[in-house]
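Working through the structure, step by step
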Amino acid sequence: MPKLLFDPKKHPDWILPQTAEWHANLALESGGYKYPWKSVFDEPRAEVIFTEKISAFLHQNARVLDVGCGHGEFTKTFEHRAKEIMGIDVNEGYIASANEGASESIKFLVVDANKPLPFFDDSFDVIYTKKGPWLFHKGMEEGHRIIKPGGTTLGLYHCGTDGGLRSLFPGLYSPHPDSYLEDITAKFESQMSESNLERIELRIFEEVEYLLAPEDVLIKKCFGQKESLKKIVWQECLKDVEDIFYQHTTPRGLRVVNYHALMVGRAR
Ligand SMILES: C[S@@+](CC[C@H](N)C(=O)[O-])C[C@H]1O[C@@H](n2cnc3c(N)ncnc32)[C@H](O)[C@@H]1O
């Protein structure tokens, strides 16, 4: 039986990832939603696939919305590729970072996507989100209201990491159920079919990443957590994590697999 490692999720200082409190801490500590661990990837990277998908729908007259844009780094990659690009996020710290050095053609606004959106009907040709709020859930009006008929919406969601990571570091990471891939496929299938979108594509795919050092296993686990908790995790786990890491690493680093969901739909 592999040794059960310290579980930081059970510590009272653990902040539930992706909550407002967690994003607020991340914005305070790093100014943006940036992965702090060091790694390399096999091609193609999920982000590159998503960039190419979005690019296929851009043109010089397009109006584009990035929902949950974080610190705007990804939004800015589309600069000069459309008439107008807008990024919205509920987190003020991220939007403050996004506005630093932003050009005139890209606007960033603090907006809660769960509330009525400050845009006219039929405003956007392309609405996308990279791991942010999906505006086309069943019963949601706002996404359909602000996208033009025939406009395109795209979503990329990170659906967790495994490829052995979870069994190598039990306790620190929890196992996925055996039905994990079927479950996420079913979740996105129903999300897509319940929306009022014409389906263009739905794909669950794997991306291979190599964590470069034992610390990166801990940095990944503690992404967005407070420094005080990180200190405890390092004290409790680093030695064991180093042993396991060096037993299993490849010449490129410790191989892990990220699961992603890609959705592309057309507004009717
Ligand atoms: C996982 S992060 C992704 C950030 C960025 N899109 C990226 O890929 O780097 C999710 C983002 O959605 C934002 N978000 C969560 N709920 C939101 C809401 N109700 N309205 C607007 N943004 C929201 C978060 O603040 C965060 O920036």
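For the structure itself, look to the data block above.
The present account deals with the structure reproduced in this document. Just so it is clear, the structure is predicted and the values come from calculations on it, not from any experiment.

Digging into the overall build of the protein chain
- What the protein chain contains, in helices and strands, is 9 helices and 8 strands.
- Computed over its C-alpha atoms, the radius of gyration of the protein chain comes to 20 Å, within 12% of the 18 Å expected for a compact globule of 268 residues.
- When its C-alpha atoms are laid out on the principal axes, the protein chain stretches across 55 × 40 × 35 Å.
- The long-range share in the protein chain, meaning contacts at least 24 apart out of those at least 6 apart in sequence, stands at 73%.

A word on the packing of aromatic side chains
- Tallying each qualifying case throughout the model produces 17 aromatic pairs.
- Look at tyrosine 33 and phenylalanine 223: their rings are 5.3 Å apart centre to centre, the planes differ by 70°, and that puts the pair in the edge-to-face class. Note that tyrosine 33 is positioned in the loop between helix 1 (20-30) and strand 1 (39-41) and phenylalanine 223 in the loop between helix 8 (214-221) and helix 9 (227-248), a separation of 190 residues in sequence. Each of the two residues, tyrosine 33 as well as phenylalanine 223, counts as buried.
- Grouped by ring-pair contacts, the aromatic residues Trp22, Tyr33, Tyr35, Trp37 and Phe223 constitute a single cluster.
- Its guanidinium or amino end placed over the ring of phenylalanine 205, arginine 203 lies 5.2 Å from that ring's centre, counting from NZ or CZ.

A closer look at helix 1
- Regarding helix 1, the residues found buried are Trp22, His23, Asn25, Leu26 and Ala27.
- Just beyond helix 1, the residue with positive phi is glycine 31, at close to 75°.

Section: the site of the ligand
- Neighbouring residues of the ligand: 18 residues in total, closest Gly68, Asp89, Asp112, Ala113 and Lys130.
- Note that a nitrogen atom of the ligand is positioned 3.2 Å from one of the backbone N or O atoms of valine 90.
- Here a nitrogen atom of the ligand sits 2.9 Å away from a polar atom, N or O, in the side chain of aspartate 112.
- The class makeup of the residues in the shell around the ligand is 7 nonpolar, 7 polar and 4 charged.

Topic: the sheet that holds strand 5 (residues 124-130)
- The sheet built from 8 strands is open, its strands ordered 1-7-8-6-5-2-3-4 with mixed pairing. The open sheet has two edge strands, strand 1 and strand 4 (106-110), and neither has a second partner. With strand direction ignored, the average angle separating the axes of adjacent strands in the sheet is 20°.
- Bridge analysis of strand 1 against strand 7 (residues 197-211) gives 3 bridges, and the strand direction is antiparallel. Each bridged residue has a counterpart across the sheet, and for phenylalanine 41 the counterpart in strand 7 is glutamate 209.
- Helix 4 (residues 92-99) contacts strand 3 (84-89) and strand 4 of the sheet and is inclined by roughly 160° relative to strand 4.
- Against the sheet, helix 8 makes contact with strand 6 (147-162), strand 7 and strand 8 (254-267), and its axis sits at roughly 145° relative to strand 7, the strand it touches most.

Structural notes on the pairing of strand 2 (residues 63-67)
- Buried residues dominate strand 2, accounting for 4 of its 5 residues.
- Taken together, the 3 bridges between strand 2 and strand 5 define a ladder with parallel strand orientation. Following the sheet pairing, leucine 65 is matched in strand 5 by isoleucine 127.

Comments concerning unusual backbone geometry
- Note that the residue after glutamate 43, namely proline 44, is joined by a cis bond; omega there is 0°.
- Tracing the chain through its elements places proline 44 in the loop between strand 1 and helix 2 (46-55).
- Phi at lysine 131 is positive, roughly 70°, even though this residue is not glycine.
- Residue position: lysine 131 is located in the loop between strand 5 and helix 5 (142-146).

So, the pairing of strand 4
- Bridge count for strand 3 against strand 4 is 5 bridges, and the pairing is parallel. Bridging across to strand 4, methionine 86 finds its partner in lysine 107.
- In this fold, strand 3 hands off to helix 4, which returns the chain to strand 4; that crossover is right-handed.

Quick word on the packing of helix 8 against helix 9
- One way to put it is that helix 8 packs onto helix 9 with a least axis distance of 8 Å and a crossing angle of 130°. With respect to helix 9, the axis of helix 8 lies oblique. For the element pair helix 8 and helix 9, the recorded crossing hand is right-handed. Where helix 8 abuts helix 9, its residues Pro214, Glu215, Val217, Leu218 and Ile219 lie against Val233, Trp234, Cys237, Leu238, Val241, Glu242, Phe245 and Tyr246.

Rules and cut-offs
- Residues numbered from 1 in each chain as written.
- Predicted model: local features only at pLDDT ≥ 70, side-chain atom pairs only at ≥ 80, totals over all residues.
- Heavy atoms only, no water.
- Helix = DSSP H or I, 4+ residues; strand = E, 2+ residues; numbered from the N terminus.
- Rg over C-alpha atoms; globule rule 2.2 N^0.38 Å.
- Contact = heavy atoms within 4.5 Å.
- Phe/Tyr/Trp six-rings, centres within 6.5 Å; stacked < 30°, edge-to-face > 60°.
- Buried < 20%, exposed > 50% of the residue type's maximum accessible area, 1.4 Å probe, protein only.
- Lys NZ or Arg CZ within 6 Å of the ring centre and 35° of its normal.
- Near = heavy atom within 4 Å.
- Polar contact = N/O pair within 3.5 Å; in protein donor to acceptor, adjacent residues only side chain to side chain.
- Nonpolar A, V, L, I, M, F, W, Y, C, P; charged D, E, K, R; others polar.
- Pairing = 2+ DSSP bridges.
- Axes fitted to C-alpha atoms, helices over the stretch in contact; angles between N-to-C directions.
- Right-handed = clockwise from strand over helix to strand, strands pointing away.
- Parallel < 35°, antiparallel > 145°, perpendicular 65-115°, else oblique.
- Left-handed = near helix turned anticlockwise from the far one by under 90°.

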